[in-house]
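# Survey of secondary and tertiary structure
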Amino acid sequence: MAPGAGIVRRRAGRPLAGGLGLSRWVDRHISWFFVLPAALFLTAVVAFPVVYTAGLSLFQWSGAAATPPAWVGPRNYADVFAGDPGFRNALLVTAYFTGVSVLIEVVLGVGLAQLLNREFLGKGLARTLLILPVAGTPVALALVWRNMYNPSNGIFTWFADLLHLPPQRWIADAATVVPSLVLFDVWQWTPLVMLITLAGLVSLPTDFYEAAQIDGASPWQVFWRITLPLVRPTIVAAAMLRFMDSVKTFDQIYVTTQGGPGIASQTLNLFVFDQAFQYLHFGYASALLVVLFFVILAGNLILVTVRRGQV
Amino acid sequence: MPGKRIILLGAALAFLVCMGGFASTGHAGQFDWQQAKGTQIRLLAVRNWFTDFWKAGLPEFEKLTGIKVLLEEYPEDPFRQKLAVELSAKSRELDLFTTGVTREGKQFALSGWYGDLTPLLNDPAATSPEWDKGDFIEAFWKAHQIGGKQVSVPVVASTQLLYYRKDLFDAAGLKPPKTLDELEAAAKKLHTPPAVYGFVSRGRKTQAPYSWAHWLYAYGGSWLTADGKPGINTPAAVGATEQYVRVLRTYGDPGLTDNGPMEVQTQFLQGRAAMIVDTLAWAGIFSDPTKSKVAGKWAGAAAPAGKGGASYELWSWSLALSPYSEKQKAAWLFIQWATSKEKQRDFQQRSFPMPRRSAWLDPEWKAKVEPGWYDAAVNQLSKAVPIGHPPFVASPEITDIVGIAINNTLAGKDVKAELDAAAKKMAEVLEKTEPKR
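Quantities reported herein were computed from a predicted structural model and do not represent experimental measurements.

Turning our eyes to something else, we now look at the overall build of chain B. When helices and strands are counted, chain B shows 19 helices and 11 strands. Computed over its C-alpha atoms, the radius of gyration of chain B comes to 23 Å, within 12% of the 22 Å expected for a compact globule of 437 residues. Along the first, second and third principal axes, the C-alpha atoms of chain B reach 75 × 55 × 35 Å. Taken across its 437 residues, chain B has 49% of its residues classed as buried. Look at the contacts in chain B between residues 6 or more apart in sequence, and 78% of them connect residues 24 or more apart.

Put into structure tokens, the structure is as follows:
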């Protein structure tokens, strides 16, 4: 649309513009002016906060009006890497939570997509029911799960009782809190992986399958040799989405456990939140955010490599 | 609609006559509630029952003063986050806010985030003569002063007291415990899990220190020792923690490390807790048969004492002015309205405890509430001290440090080792954040 509109402008402007240099310059670069509003908007809402955060990470600031930010240079980063045990713990918890939940979600999601990629009665209904958790409000769902996990009144305890399992303390126990949160995350987000993979499956060309049928390939062979390689880019895209979301999961964990018991479920994002908005260490929190940014970037680079088929 | 208009006019006239009548009985002539007419003020508040009452009363306030109030409310944590952001940005859009002075007071005062109420209190043109500051329970009034300045006005009054199941105690021939040792003995007798747990308390990271502090002070401990060191690993503190952890691990519910106020309240409401020591504000809901399985079966008593006597915890939400507001007079009128005798009596009668003496003395209301709870509440409120939150600039951070330690001990880790480690961290934070004397 931009070039066409530019031509219209130029024709209409010719008699008036005459020898005016500015007008001609504008005419020549008109396409830039169409992009400008969007570029300014993006600068304001994306680039500025990023630059501001990076800048603030070199200061010590408690948010107080009375005391302006004090320049500390790279000290915040030195503190992060010199072995802040809270940071180390948060890194491990994040890796544990993200690694396990994304893995399970991708495996289950691809499996479910396979199941739903064939005709059967009630397919539409099954798909709708399966994506319900994705549509839910995270905080509301988290409150429900928090109640379900209550060791004395929760429904999970009741189920465990029914099956004569030993009593579990779910999110009240440091050993089971992350698996409990993973279960919640898997329940909520597997359908998303399924949806994306399903979209990939539906668009696959059919000739490979016909060829495989003629050659007498088993369904298992078809899945491993044809479906999976073809749909891999889609799966990696879904995994990438889940990975980014999972690393920065906040609401679910904050509402259910607040990072507890102790710091057993304190992920990087919760740790940063506490540093910034509970303890008012804005500079240190900014440094942590910059580190978190690079963690996500590194994770994505790995996934992109996988997608290109180098692994 | 001329008929309707005439009625309205009549109502307005009647209102004016009444107002005139009040003013003529006042001491210093007529107080001008309309002095900031046409202003709009913005209040940032924690979502709570009192914000519901305020919201319902806003048309009444607007009629009285001609001031429009934008009341924005959020759950506690998002509220604190938003407030910190706005105050640090020196937002002129914010006029007043709710604050827990015993928790964040020092930090806010040091940051210059409280407007000074003292000049307004002393200005007869700004403060209604009917709004009697001497009516506030002294302990609560003074708890909202920092460095000789009145930083806020309390809107609720809370202290932790003992709730116990009178039916179970009577059946077992027990008397309500006066000491923590008696509490432990009673918990042992009444602990019949999973039907009833002997003693239920807050154990969640951010919530545990609030409950634990009662034991700390009852053992003669304190947040800080006399020579300014962390008081959380002294022999008194270790003794207090050992008993607290022992009672909860032996006679508590399985969710003890995750219990926040809602869990404690629910366990008692469901009849699953024989005893709790928590805020006096829950008497109303415990007595409400539509919500409580224990209505008529419980009683209140003073929070049990320890080897070092008993200190009663003080907590309240309060209303403060933003120092960056340009409409402080209008905002101050709202504070006076929300904390007036009439409003506080009204709230009190709906079972929400208030910091005004007059609210507690209403005989008709008094006859309706549980007498053990009433006596304990009145006695404790007059002596209450702010011990439930660490009284430091870095209060939230130290709360977490101590909370994580208690949380770990409730999960079975060694008390002394955890408290020592926490004390070390606490000393580092204090060193960085407390103003040097």
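Residues and elements named next belong to chain B. Across the sheet, which stays open at both edges, the 4 strands sit in the order β8-β9-β7-β10 with mixed pairing between neighbours. Each edge of the open sheet carries a strand with a single partner, namely β8 (197-200) and β10 (298-301). This sheet shows a mean twist of 20° between the axes of neighbouring strands, independent of strand direction. Relative to strand β9 (residues 273-279), β8 runs parallel, the two sharing 3 bridges. Its bridge partner lying in β9, Val200 is registered against Ile276. Along the sheet, helix α11 (residues 261-269) makes contact with β7 (160-165), β8 and β9, crossing β9 at roughly 140°. Against the sheet, helix α17 (residues 371-383) makes contact with β7 and β10, and its axis sits at roughly 25° relative to β10, the strand it touches most.

All names here are of chain A. Taken together, the buried positions of helix α7 (residues 138-148) are occupied by Ala142, Trp145 and Arg146. Buried residues of α7, seen end-on, are gathered within an arc of 105° and therefore sit on one face of the element. Tucked into the core, α7 has its buried residues touching α9 (177-202) and α12 (251-256).

The next point concerns the confidence of the model for chain A. When pLDDT is averaged along chain A, the result is 85; 91% of the residues meet or exceed 70. Taken together, the stretch residues 1-13 of chain A has pLDDT below 50 and engages in 10 contacts with residues farther than four places along the chain or on a different chain.

A word on the environment of A:Phe223. On the secondary structure map, A:Phe223 appears in helix α11 (residues 219-247). For the pair A:Phe223 and A:Tyr209, spaced 14 residues apart in sequence, the C-alpha to C-alpha distance is 9.9 Å.

Further remarks concern the domain arrangement of chain B. Residues and elements named next belong to chain B. By the assigned domains, chain B splits into domain 1 (34-157 + 316-366) and domain 2 (160-312 + 372-433). Each partner contributes to the interface: domain 1 provides 15 residues, whereas domain 2 provides 18 residues. In the side of domain 1 that touches domain 2, the residues fall into 8 nonpolar, 3 polar and 4 charged.

Structurally, chain A comprises domain 1 (2-41) and domain 2 (83-307). For domain 1 of chain A and domain 2 of chain A, the distance between their C-alpha centroids amounts to 49 Å.

Each neighbour pair has its own omega, and for A:Gly260 with A:Pro261 the value is -5°, a cis peptide bond. Following the sequence through the fold, A:Pro261 ends up in the loop between α12 and α13 (268-278). Residue B:Pro193 is joined to B:Pro194 through a cis peptide bond whose omega torsion reads 0°. Of note, B:Lys90 is a non-glycine position whose phi angle comes to about 50°, a positive value. Residue placement: B:Lys90 occurs in the loop between α3 (76-88) and β3 (96-99). For B:Lys90, a count of 13 C-beta atoms within 10 Å translates into the label partly exposed. At B:Ser351, a position not held by glycine, the phi torsion is positive, near 75°. Its location among the elements puts B:Ser351 in the loop between α14 (341-349) and α15 (357-361). Looking at B:Ser351, the number of C-beta atoms within 10 Å reads 18, which means it is partly exposed.

A word on the interface of chain A and chain B. Each partner contributes residues to the interface: chain A has 25 residues there, and chain B has 29 residues. Split by residue class, the side of chain A that touches chain B holds 13 nonpolar, 10 polar and 2 charged.

Moving on, we come to the pairing of β9(B). All names here are of chain B. Here β9 lies mainly inside the structure; 7 of its 7 residues are buried. Both β7 and β9 contribute to a ladder of 5 bridges, which runs antiparallel. From the neighbouring strand, Leu162 faces β9, where its bridge partner is Val277.

What follows deals with the nonpolar core. The biggest cluster of nonpolar side chains holds 180 residues, and the ones touching the most others in it are A:Leu288, B:Leu96, B:Phe199, B:Ala274, B:Met275 and B:Phe334. Per-element accounting of this core gives the leading share, 11 residues, to α9(A). Those residues in contact with A:Leu288 that lie beyond four places of it in its chain are A:Val80, A:Phe87, A:Phe271, A:Val272 and A:Gln275.

It is worth spelling out the sheet that holds strand β11 (residues 318-321) of chain B at this point. Strand pairing in a sheet is mediated by backbone hydrogen bonds. Such pairs are either parallel or antiparallel. All names here are of chain B. Across the sheet, which stays open at both edges, the 5 strands sit in the order β2-β1-β3-β11-β6 with mixed pairing between neighbours. Strands with a single pairing partner mark the edges of an open sheet, and in this sheet they are β2 (68-74) and β6 (153-154). Of the pairings in the sheet, the one linking strand β1 (residues 40-46) to β2 comprises 7 bridges and is parallel in character. Directly across from Ala45, in β2, lies its bridge partner Glu73.

Now for the environment of A:Gly55. Residue and element names in this part refer to chain A. Mapped onto the fold, Gly55 is located in helix α3 (residues 30-56). The class for Gly55 is exposed, based on 12 C-beta atoms found within 10 Å. C-alpha of Gly55 to C-alpha of Ser286: the two residues are 231 residues apart in sequence and 8.4 Å apart in space.

Residues and elements named next belong to chain B. Burial analysis of β1 places 6 of its 7 residues in the buried class, which makes it a mostly covered element. Strand direction decides the pairing type here: β1 and β3, joined by 2 bridges, are parallel. Considered in β3, the bridge of Leu43 is made with Leu96.

Criteria and cut-off values
Residues numbered from 1 in each chain as written. Chains lettered and ligands numbered in written order. Predicted model: local features only at pLDDT ≥ 70, side-chain atom pairs only at ≥ 80, totals over all residues. Helix = DSSP H or I, 4+ residues; strand = E, 2+ residues; numbered from the N terminus. Rg over C-alpha atoms; globule rule 2.2 N^0.38 Å. Buried ≥ 20, exposed ≤ 12 C-beta atoms within 10 Å, placed from the backbone. Contact = placed C-beta atoms within 7 Å. Pairing = 2+ DSSP bridges. Axes fitted to C-alpha atoms, helices over the stretch in contact; angles between N-to-C directions. Arc of directions from axis to C-beta. pLDDT = per-residue confidence, 0-100. Domains from an automatic or database assignment. Nonpolar A, V, L, I, M, F, W, Y, C, P; charged D, E, K, R; others polar. Core = buried A, V, L, I, M, F, W, Y, C linked by C-beta atoms within 7 Å.

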